[in-house]
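Structural features, examined
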Amino acid sequence: MKIIRFNKINSTNDYAKKLATKGFNEGTIVIANEQTAGKGRLGRTFVSKRGGLYFSIVLRPKQKDFLFITVAAAVAVAHAIESVTNKKCDIKWVNDIYINNKKVSGILTEGGFTSTGNIDYIILGVGINIFEPKEKFPKELPLADSVFHNGDIKIFKNAVKRKIFKCFLNEFFKFYGNLEKKEYIKEYQNRSFLKGKKIKYIKDDKIFVASVLEIDDDAKLVVEVDGNKNVLSHGEIQIIGMEQLPV
Ligand code: BTN
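Residues numbered from 1 in each chain as written. Predicted model: local features only at pLDDT ≥ 70, side-chain atom pairs only at ≥ 80, totals over all residues. Heavy atoms only, no water.

**Looking at the overall build of the protein**
Selection rule: Secondary structure follows DSSP: runs of H or I at least 4 residues long count as helices, runs of E at least 2 residues long count as strands, and numbering of each begins at the N terminus. A 1.4 Å probe rolled over the protein chains alone gives each residue an accessible area, and that area as a share of the maximum for its type sets the label: buried under 20%, exposed over 50%, partly exposed in between. Contacts were defined at the residue level, with two residues in contact if any of their heavy atoms lie within 4.5 Å. Accessible surface is estimated by sampling points in the Shrake-Rupley manner with a 1.4 Å probe; for residues, cover comes only from the protein chains shown.
Each helix and strand in the protein was counted, giving 4 helices and 12 strands. Summarising its shape, the C-alpha atoms of the protein cover approximately 50 × 50 × 30 Å along the three principal directions. Burial status across the protein gives 51% buried among its 247 residues. A fraction of 64% describes how many contacts in the protein between residues 6 or more apart in sequence connect residues 24 or more apart. Just so you have it, the protein exposes about 12400 Å², and 49% of that area is on carbon and sulfur atoms.

**Some details on the sheet that holds strand S11 (residues 228–232)**
Heads up, the rule is: By the convention used here, strands pair only if DSSP detects at least 2 bridges between them. Interaxial angles span 0 to 180 degrees and are taken between N-to-C directions of axes, which are lines fitted to C-alpha atoms, for helices over the stretch in contact.
The strand order across the open sheet formed by 5 strands is S11-S10-S9-S8-S12, and the pairing between neighbours is antiparallel. Edge strands, defined here as strands with exactly one partner in the open sheet, are S11 and strand S12 (237–239). Going from strand to strand, the sheet's axes swing by 40° on average, the running direction of each strand aside. Sheet topology places strand S8 (residues 198–203) next to S12; 3 bridges connect them, and they run antiparallel. Along S12, the bridge assignment pairs Tyr201 with Ile237.

**With respect to the site of the ligand**
So the rule is basically this: Residues are counted as near a molecule or strand when any one of their heavy atoms sits within 4 Å of it. Definition of a polar contact: a pair of N or O atoms within 3.5 Å, with one able to donate and the other able to accept a hydrogen when the atoms are protein atoms, and with sequence-neighbouring residues admitted only if both atoms are side-chain atoms. Each residue is assigned to one class: nonpolar for Ala, Val, Leu, Ile, Met, Phe, Trp, Tyr, Cys and Pro, charged for Asp, Glu, Lys and Arg, and polar for all the others, Gly among them.
Near the ligand lie 19 residues; those nearest to it are Ser11, Gln35, Lys39, Arg41 and Lys103. Arg41 places a polar main-chain atom, nitrogen or oxygen, 2.7 Å from an oxygen atom of the ligand. Take Lys103: an N or O atom from its side chain is 2.5 Å from an oxygen atom of the ligand. Listing elements by their share of the shell around the ligand, those giving two or more residues are helix H1 (12–21), strand S3 (53–59), strand S6 (102–113) and strand S7 (119–128). Ranked by residues supplied to the shell around the ligand, first place goes to S6 with 4 residues. A class-by-class count of the residues in the shell around the ligand yields 5 nonpolar, 10 polar and 4 charged.

**As for empty space enclosed by the protein**
Heads up, the condition is: Grid points spaced at 1 Å over the protein atoms alone were grouped into cavities, where a 1.4 Å probe fits but cannot get out, and pockets, open sets with protein on both sides within 12 Å along at least five of seven lines, with lining residues defined by an atom within 4 Å of a point. Grid points are joined across faces, edges and corners, and a volume is the space filled by probe spheres set on the points.
Applying the stated rule across the entire model yields 3 cavities of 30 Å³ or more. Roughly 230 Å³ of internal volume is contained in the largest cavity. Together, 26 residues line the largest cavity, and Lys39, Gly40, Phe46, Gly106 and Leu108 are the ones closest to its centre. Elements with a contribution of two residues or more to the lining of the largest cavity: H1, S3, S6 and S7. Top element by residues in the lining of the largest cavity is S6. It accounts for 4 residues. Class assignment of the residues belonging to the lining of the largest cavity gives a composition of 8 nonpolar, 12 polar and 6 charged.

This is how it looks when you write it as structure tokens:
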């Protein structure tokens, strides 16, 4: 594994993408203490102040495997955080990590394709808010939080970060070696933050209100709408009763 470290960078995903297009191998990792233009899903910004852990991994998966990379990564992030704290991590479908109803981590996977439409690379980007940033999270992000709060941990901060990073890599690459086996799926289902909650989502320009039944073995969200079952494979959902939209 080749690890390239930055104190500050615009986005580790963007840098890793450049490396991937230059032919860098699977397992190349770009890691930073701070990002000035951290990217979230759906074109959002991911606030990436000092105190967090931000990294991106170049992967070159087999075509059919790539859908489960984020699912496996979410479980690995949950394990990594729980290796340093006894706070329980939930996974909000698709891939946000929550502690006590607040988001502490997000995952952004981006892909590059060959001219024949095959996957050339996937960049797996992970951001974990470990320590409370000095500037606090902006108030437009009421659900953003950090794993630890000021006063929880005053020393050994770097050791805590290192442990989370190492644990993530161990867990993730164990799963990644055999994504098809889906060894992570039961845990992904059991950690579901959405199960039993009422949600809203938009499909074909219409707003639906649904109850979440479960996550199936393909990591899809099974919901009930007006007495009918519906299966969602992607998209943005809003939990009714929680002030959102997502962070
Ligand atoms: C989200 O919550 O919508 C996904 C956030 C992903 C953030 C990580 S931080 C490391 C990597 N570099 C980025 O610019 N984004 C990802």
